[in-house]
Amino acid sequence: MKNKRLLLIDGHSLAYRSFYGLPLTITTPEGQPINAVFGFITALFANIESFQPDYVCICFDRKEPTFRHKLYDGYKAQRKPAPEEFKPQVGFIQDLLSTMGIPTLDYQGYEADDLLGTLSVMGKASDVHAYIVTGDKDALQLVNDLTTVVIPKRGGKEYTHYTPKVITEKYNLTTQQLIDLKALMGDTSDNIPGVKGIGEKTAIQLLKDYPTLETLYDNVENITSKSVKTKLQTDKDQAFLSYDLAKINTQVPIKETLEGFLFKPNWSAIIEGFRSYQFNSLESKYKHHLSHDKGDGKKPTEPATKYVLIEAISQLDSYLPQLKNGFAIDLETTTLHPLEAQIVGVALSTEEGVGLYIPLNKHVVTTQQAESLSLFTLEPPKQTLSFNKSPILKKLQPLLEDAAIPKYTHNGKYEYQVLKNYDIHLTGIAFDSMIAAHLLYPNERVGLKALTQRFLNITMTTYEDVVGKGKDQKPFVDIPIEDAARYAAADADFTLRLKNLFQPKIEEGFKDLY
């Protein structure tokens, strides 16, 4: 029988990682930074999706001193205060979790680690498998056959799942020996003193010979290295103090039972929480749950995504009023080389969720046609490349060349160069989401699909999904029109969405440069 799952999250750890992992440009309309809030909530629901838990609890530290501070007044004394931009965001996160109905826990006199440990023990007693998500390796001492500690790797996109086997392979120690290890080597991040001069390598070797701190000190006279023996004898009191500081208390007298953390998501409340911070990408990603959620009976009424195939000038005419107010544009072409690229289709978007696709397949000059033409004119193929301007493209030309009509692009230089092949001079590019992304997030990938995934939490269909890979890859011109329309219209739609997301940030910090 499959064990039920308990998802435990170290609240402050996740909040800190979110704060330092996302830019301060993520703010409320009033300018209050909420980067930690957005990153925290995004990661929380990603973990909920991944682990599909039966129980959930987010554990937080408190401001008051803990029992460890009473044991040693130097505990964590060296830590710098949290950045001012971060401090209020923890409260925002806690309030938002409360609004959403997500269980949280904090206890005076104890740290989040103690609560995580106590809850994991409660879970094990009920044969429930606990997954502890934290950035703090102190929690590794909690690992057992029904407790897995999940720690983000550098970059935060992948995780290491620590099981007893992984602990043994990595440290050649048991999970309980990790407490003894820290007692000997100390921990500068928590200001745990340890034994001065004993590092990780020496400490691990000592614990291989003497499995516990007590056993080690019972046999300290047998230590062959005089230097190590002297260090151990000198700092014996510090070693045992460090053990008490490093050991997580798994017997916190919490009043709640495991059933108090049963995860019964009220998606109406959760979606309202997203809306309260204008986390539109999260709302879009999770709003499908509303159809399965009784909640309070209220369901948002939103227009469905509308991607329209435009095959006649009369169809295009009906959209001209909207297009004259500005639009995102994306071209599907025969090649990525702009000077040789023929247009297979034009995608336009005038509002989020709406996309138009104009197929021009019939006007693409195929390789055979180009070769026939070159034979007839006695010219090499490269010199006879022909660009057929279709009637519907001619209809679009005045809009494309009108500088008063704003256009929104993603790598607009490419669209500009390709249209120039047809003697169309694209003017009025008011915003380019690729340039904006490069300015705002210089270390991020700036492809449309990557940015949409990163900032809107939406996985778009890739080019390879449509045309295939390797030997099976087809030219885009041979893709069924309906499939091409869905793919291309989405490109224009999400170009517009990224424009709407990035433009306020550009106007705030980069307007002169941009």
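A quick note: this is a predicted structure, and the numbers were derived from the prediction, not measured. (Residues numbered from 1 in each chain as written. Predicted model: local features only at pLDDT ≥ 70, side-chain atom pairs only at ≥ 80, totals over all residues. Heavy atoms only, no water.)

Visitor: Just to check I follow, could you spell out the side chain of Glu415 for this structure?
Guide: As for its placement among the helices and strands, Glu415 is situated in helix H18 (residues 412–420). For the buried residue Glu415, which engages in no salt bridge, the nearest side chain bearing the opposite charge is Lys449, 10 Å off. Those residues in contact with Glu415 that sit more than four places away from it in its chain are Ile329, Asp330, Leu331, His410 and Leu426. (Helix = DSSP H or I, 4+ residues; strand = E, 2+ residues; numbered from the N terminus. Buried < 20%, exposed > 50% of the residue type's maximum accessible area, 1.4 Å probe, protein only. Lys, Arg positive; Asp, Glu negative; His and termini not counted. Salt bridge = Lys/Arg side-chain N within 4 Å of Asp/Glu carboxyl O. Contact = heavy atoms within 4.5 Å.)

Visitor: I would appreciate a short explanation of the packing of helix H4 (residues 87–100) against helix H12 (residues 267–276) in the present structure.
Guide: Each packed pair of helices is defined by two parameters, the angle between the axes and the distance between the axes. Their axes nearest at 8 Å, the elements H4 and H12 cross at an angle of 145°. Across the interface between the two elements, Leu96, Thr99 and Met100 from H4 touch Ala269, Ile270, Gly273, Phe274 and Ser276 from H12. Within the contact of H4 with H12, the residues separate by chemical class into 5 nonpolar, 3 polar and no charged. (Axes fitted to C-alpha atoms, helices over the stretch in contact; angles between N-to-C directions. Nonpolar A, V, L, I, M, F, W, Y, C, P; charged D, E, K, R; others polar.)

Visitor: Explanation requested: the packing of aromatic side chains in the structure shown.
Guide: Per the counting criterion, the structure on display carries 20 aromatic pairs. Their ring planes at 15° and their centres at 6.3 Å tell us that Phe40 and Phe60 sit as a pair that is stacked. Of this pair, Phe40 sits in helix H2 (residues 35–51) while Phe60 sits in the loop between strand E2 (55–59) and helix H3 (67–71), and the two are 20 residues apart along the sequence. The exposure class assigned to Phe40 is buried, which follows from its relative accessible area of 0%. Considering the side-chain rings of Phe387 and Tyr422, the 5.4 Å spacing of their centres and the 65° angle between planes classify their relative orientation as edge-to-face. Of this pair, Phe387 sits in the loop between helix H16 (367–377) and helix H17 (391–401) while Tyr422 sits in the loop between H18 and strand E12 (429–432); the two residues are 35 residues apart in sequence, bridging distant segments of the chain. We classify Tyr422 as buried; its relative accessible area is 4%. (Phe/Tyr/Trp six-rings, centres within 6.5 Å; stacked < 30°, edge-to-face > 60°.)

Visitor: Is there a simple way to think about helix H1 (residues 11–21) in this case?
Guide: Owing to its 3.6 residues per turn, the α-helix brings residues three or four apart onto one side. For H1, the full list of buried residues reads Gly11, His12, Ser13, Leu14, Ala15, Ser18 and Phe19. Looking at the buried positions of H1, the neighbouring elements they touch are strand E1 (5–10), H2, E2 and H4.

Visitor: Even after reading the chapter, I still don't get the packing of helix H7 (residues 177–185) against helix H8 (residues 200–209), so can you show me in this structure?
Guide: At their nearest, the axes of H7 and H8 sit 9 Å apart, and the two run at 130° to each other. As the angle between them shows, H7 and H8 are arranged oblique. When you trace H7 past H8, the crossing you get is right-handed. Where H7 abuts H8, its residues Gln177, Asp180, Leu181, Leu184 and Met185 lie against Glu200, Ala203, Ile204 and Leu207. A class-by-class count of the residues in the contact of H7 with H8 yields 6 nonpolar, 1 polar and 2 charged. (Parallel < 35°, antiparallel > 145°, perpendicular 65-115°, else oblique. Left-handed = near helix turned anticlockwise from the far one by under 90°.)

Visitor: Would you mind going over the pairing of strand E9 (residues 343–349) with me for this structure?
Guide: Two faces belong to every sheet, and in a regular strand the side chains alternate between them. Burial of E9 is extensive: 7 of the 7 residues sit out of reach of the surface. Alignment of strand E8 (residues 327–333) against E9, held across 6 bridges, turns out to be antiparallel. Residue Ile329 lies in a different strand from E9, and its bridge partner there is Leu348. (Pairing = 2+ DSSP bridges.)

Visitor: Got a minute to help me understand the sheet that holds E2 in this structure?
Guide: Strand pairing in a sheet relies on backbone hydrogen bonds, with the paired strands running either antiparallel or parallel. Pairing is mixed across the open sheet formed by 6 strands, whose spatial order is E3-E2-E1-E4-E5-E6. Edge strands, defined here as strands with exactly one partner in the open sheet, are strand E3 (104–105) and strand E6 (159–162). One ladder, built from 4 bridges, connects strand E4 (residues 129–133) with strand E5 (residues 147–152); its direction is parallel. Along E5, the bridge assignment pairs Ile132 with Val149. Sitting on the sheet, helix H5 (residues 112–125) is in contact with E1, E2, E3, E4 and E5, with an inclination near 175° to E1.

Visitor: Explain helix H10 (residues 226–234) here, please?
Guide: When H10 is considered as a whole, its buried residues turn out to be Val228, Lys229 and Leu232. Burial along H10 is one-sided: seen end-on, the buried residues are contained in an arc of 100°. Residues of H10 that are exposed and angled more than 90 degrees away from the buried face: Lys226 and Thr234. Along its buried surface, H10 packs onto H7, H8, helix H9 (213–218) and helix H11 (236–246). (Arc of directions from axis to C-beta.)

Visitor: What's the story with unusual backbone geometry in this structure? I'm lost.
Guide: Residues other than glycine predominantly adopt negative phi, and peptide bonds predominantly adopt the trans conformation. Even without glycine at this site, Asp127 takes up a positive phi of about 65°. Along the polypeptide, Asp127 turns up in the loop between H5 and E4. The partly exposed category is assigned to Asp127, whose relative accessible area is 46%. The residue Gln278 is not glycine, and still its phi comes out positive at about 55°. Residue placement: Gln278 occurs in the loop between H12 and helix H13 (280–286).

Visitor: Quick question: what am I supposed to make of the pattern of salt bridges here?
Guide: Side chains that carry opposite charge are capable of pairing whenever their charged atoms lie near each other. With the rule as written, the count across this model stands at 17 salt bridges. Its salt-bridge partner being Glu84, residue Lys87 comes within 2.9 Å of it at the nearest N-O pair. Between Asp145 and Lys124 there is a salt bridge whose closest N-O contact spans 3.2 Å. One end of the pair, Asp145, is in the loop between E4 and E5; the other, Lys124, is in helix H5, and 21 residues separate them in sequence. Taking the relative accessible area as the measure of exposure, Asp145 reaches 55% and is therefore exposed. Residue Lys124 is classed as partly exposed on the basis of its relative accessible area of 37%. Beyond isolated ion pairs, a larger network of salt bridges with shared partners links Arg68, Lys76, Glu111 and Asp114.

Visitor: How should the sheet that holds E9 be read in this particular structure?
Guide: Strand order in this open sheet of 6 strands is E7-E10-E9-E8-E11-E12, and the pairing throughout is mixed. The open sheet has two edge strands with one neighbour each: strand E7 (306–309) and E12. Within this sheet the neighbouring strands show an average axis-to-axis angle of 25°, counted without direction. With 2 bridges joining them, E8 and strand E11 (residues 407–409) adopt parallel strand pairing. Its bridge partner lying in E11, Phe327 is registered against Lys407. Lying over the sheet, helix H19 (residues 433–440) contacts E11 and E12, oriented at roughly 45° with respect to E12.

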